[in-house]
Amino acid sequence: MVEFGYSEDQQMIVENVSKFAEERILPHVMEWDEAEFFPVDLFHEMGELGLLGVLVPEEYEGSGYGYVDYVAVLEEIGRVCGSIGLGVAAHNSLCTGHILQHANEAQKRKYLPGLATGRHIGAWGLTEPGSGSDAGGMLSTAKKVDGGWLLNGTKNFITHAISGDIAVVLVNTEPELKTRGISAFILDKDMKGWSGGKKEKKVGMRSSETAQLVMEDCFVPDENLIGEVNEGFRQAMVVLDGGRISIAALSLGIARGALECAQHYAAERRQFGKSIDEFQAIKFKLADMAMELEAARLLTLKAAYNKQRGVGQTIESAMAKLYASEVAVRNAEESVQIHGGYGYLKEYPAEKFWRDSKLLTIGEGTSEVQRMVVARELKKGLNR
Ligand SMILES: Cc1cc2nc3c(=O)[nH]c(=O)nc-3n(C[C@H](O)[C@H](O)[C@H](O)COP(=O)(O)OP(=O)(O)OC[C@H]3O[C@@H](n4cnc5c(N)ncnc54)[C@H](O)[C@@H]3O)c2cc1C
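Being a predicted model, the structure only gives us computed values, none of them experimental.

### Points about the site of the ligand
Residues in contact with the ligand amount to 19 residues; listed here are only the nearest, T127, S133, F157, T366 and E368. One of the backbone N or O atoms of F157 is found 2.8 Å from a nitrogen atom in the ligand. The protein chains hide 65% of the 970 Å² of surface that the ligand would expose on its own. Only β1 (122-125), β3 (148-159) and α11 (367-383) provide two or more residues apiece to the shell around the ligand. Residues that form the shell around the ligand fall into these classes: 7 nonpolar, 9 polar and 3 charged.

Given below as structure tokens:
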């Protein structure tokens, strides 16, 4: 059973994160968006508050929270700024999450404290220019050499590829084995041969840094291989199961932000002698937005609750990510519509929710890929 509502401790997390987001993020949202500025200092500050090691146990200097708490954190940040929420989700779930779930004890002791406290910013590289949904079609390689591996290739669309201090990358160690020949390695800023490449100019999520990550004869010592050789793809799928919950949670924040600004606007805007929220057409839009947000929240909390209990949650994560991201897009679009012409202006927050929301149906697996995952898991259930 999903717990309905948050505990007192979780409510406190919600209040603290919400206050932080309102005070430290909200005043800069549009300035950072316009300048496509990635606020590294804010990330260091969030690290000090425990927001970059949400799921990391206290023994590695993390906050030691569970997945349900994590959903609450991301919803509150996403409600104020999708871009910052995206960075927090990628840092926690992907780079840090990969090390937390698959690295050995020595690797965890070496890398988790820096990531969890925000002294180091994390990146995670799976996607390549020629391989997105078909992640197993990657071309990057790691060649065995004395004492380690030489990595070559280009990762595409990588969050924090330039500012990241630590990156986990997935590369071919035996290309002929396809997905069974991929391994995961930890790159550290001290290593030569990897760097951030071209920074992408984006429609939304503009203050989240998205760039190529280029590896050129990058020597990685044996001790930085995560787990066994050739098990990287399987590890990545587990990481994405958790990551999708974070994108669902971020979607809740954007869907809620879009709803709230539409409600405020509709209460104030007057046409035909009354406020527009007195028209049934607007009331019904707001009602549907609120209902879909709540349905998305329940799916997301169920996935988070299962993940927290260590129960398989592949289908729940995919459903939550698929549904919540599409609700975010719908709510953001309806919010612009409720604002009329003003929704199309930069002076109102609706347009930014609209631009940011679209990434949610694409990143960490498109809606089509989520439907493929759900259908595959359903079929597995039939054959059981
Ligand atoms: C802002 C941003 C941040 C990102 N951050 C990261 C990151 O930190 N790390 C990382 O590794 N990646 C990251 N990504 C990459 C992201 O995960 C990919 O963009 C995504 O997985 C889709 O891959 P693609 O863009 O290559 O699209 P493609 O895979 O080329 O898909 C194009 C279209 O074809 C559809 N399609 C593909 N295959 C099928 C199929 N079998 N059946 C039906 N339809 C199909 C897709 O659904 C989509 O509609 C990021 C992307 C963006 C835009």
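### Digging into the environment of L225
Relative to the assigned elements, L225 resides in strand β8 (residues 225-226). Among the residues examined, L225 registers a relative accessible area of 13% and is labelled buried. When the C-alpha atoms of L225 and V336 are compared, they prove to be 47 Å apart, with 111 residues separating the residues in sequence. Residues in contact with L225, not counting those within four places in the same chain, are Q107, S183, A184 and F185.

### Focus on the packing of aromatic side chains
Throughout the structure, instances matching the rule amount to 9 aromatic pairs. Ring plane angle 90 degrees and centroid distance 5.7 Å describe the contact between Y265 and Y348, whose orientation is recorded as edge-to-face. Residue Y265 is located in helix α7 (residues 232-268), and its partner Y348 is located in the loop between α9 (314-338) and α10 (350-357); the two are separated by 83 residues in the primary sequence. Overall, Y265 belongs to the buried group, its relative accessible area being 9%. With a centroid separation of 6.3 Å and an interplanar angle of 80 degrees, the aromatic rings of F272 and F279 are classed as edge-to-face. Judged by relative accessible area, F279 falls into the partly exposed class, the value being 24%. Taken together through their ring pairs, the aromatic side chains of Y265, Y342 and Y348 make up a single cluster. Over the face of the ring belonging to W149 we find K144, whose NZ or CZ atom lies 5.3 Å from the ring centre.

### Focus on the packing of helix α3 (residues 40-48) against helix α5 (residues 82-102)
Close contact between α3 and α5 brings their axes to 12 Å; oriented N to C, the two are set at 55 degrees. As judged from the angle between their axes, α3 and α5 are oblique. Every pair of crossing elements has a handedness; the one defined by α3 and α5 is right-handed. In contact with L42, F43 and M46 of α3, α5 contributes I84, G87 and V88. When grouped by side-chain class, the residues that make up the contact of α3 with α5 number 5 nonpolar, 1 polar and no charged.

### Notes on the environment of G181
The topology assignment puts G181 in the loop between β4 (166-172) and β5 (182-188). Given a relative accessible area of 0%, G181 falls into the buried group. Along the chain, G181 and E76 lie 105 residues apart, while their C-alpha atoms are 39 Å from each other. Aside from chain neighbours lying at most four places away, what touches G181 is V171, N172, T173, E174 and N230.

### A short note on the pattern of salt bridges
All chains considered together, the criterion is met by 29 salt bridges. A salt bridge links E200 to K198; the shortest N-O distance between them is 3.0 Å. Judged by its relative accessible area of 51%, K198 falls in the exposed class. Each member of the salt-bridge network shares a partner with another, and the members are E22, E75, E76, R79, R256, E260, E294 and R297.

### Re the domain arrangement of the protein chain
Annotation of the protein chain at the domain level lists domain 1 (8-116), domain 2 (122-231) and domain 3 (233-383). Between the C-alpha centres of domain 2 and domain 3 there is a distance of 30 Å. On the domain 2 side of the interface with domain 3, the three residues burying the most area are W124, M205 and E231, jointly 49% of the side's total. Scanning the region where domain 2 abuts domain 3 turns up 1 salt bridge. Here R234 ties to E231 by a salt bridge, and the two come within 3.9 Å at their closest N and O atoms. On the surface where domain 2 and domain 3 come into contact, there are 6 residue pairs in polar contact (both at pLDDT 80 or more). Residues that form the side of domain 2 that touches domain 3 fall into these classes: 9 nonpolar, 5 polar and 2 charged.

Here is what the cut-offs are and how they apply
- Residues numbered from 1 in each chain as written.
- Predicted model: local features only at pLDDT ≥ 70, side-chain atom pairs only at ≥ 80, totals over all residues.
- Heavy atoms only, no water.
- Near = heavy atom within 4 Å.
- Polar contact = N/O pair within 3.5 Å; in protein donor to acceptor, adjacent residues only side chain to side chain.
- Areas by Shrake-Rupley, 256 points an atom, 1.4 Å probe, with all protein chains shown as cover.
- Helix = DSSP H or I, 4+ residues; strand = E, 2+ residues; numbered from the N terminus.
- Nonpolar A, V, L, I, M, F, W, Y, C, P; charged D, E, K, R; others polar.
- Buried < 20%, exposed > 50% of the residue type's maximum accessible area, 1.4 Å probe, protein only.
- Contact = heavy atoms within 4.5 Å.
- Phe/Tyr/Trp six-rings, centres within 6.5 Å; stacked < 30°, edge-to-face > 60°.
- Lys NZ or Arg CZ within 6 Å of the ring centre and 35° of its normal.
- Axes fitted to C-alpha atoms, helices over the stretch in contact; angles between N-to-C directions.
- Parallel < 35°, antiparallel > 145°, perpendicular 65-115°, else oblique.
- Left-handed = near helix turned anticlockwise from the far one by under 90°.
- Salt bridge = Lys/Arg side-chain N within 4 Å of Asp/Glu carboxyl O.
- Domains from an automatic or database assignment.
- Buried area = accessible area lost by both parts, 1.4 Å probe.

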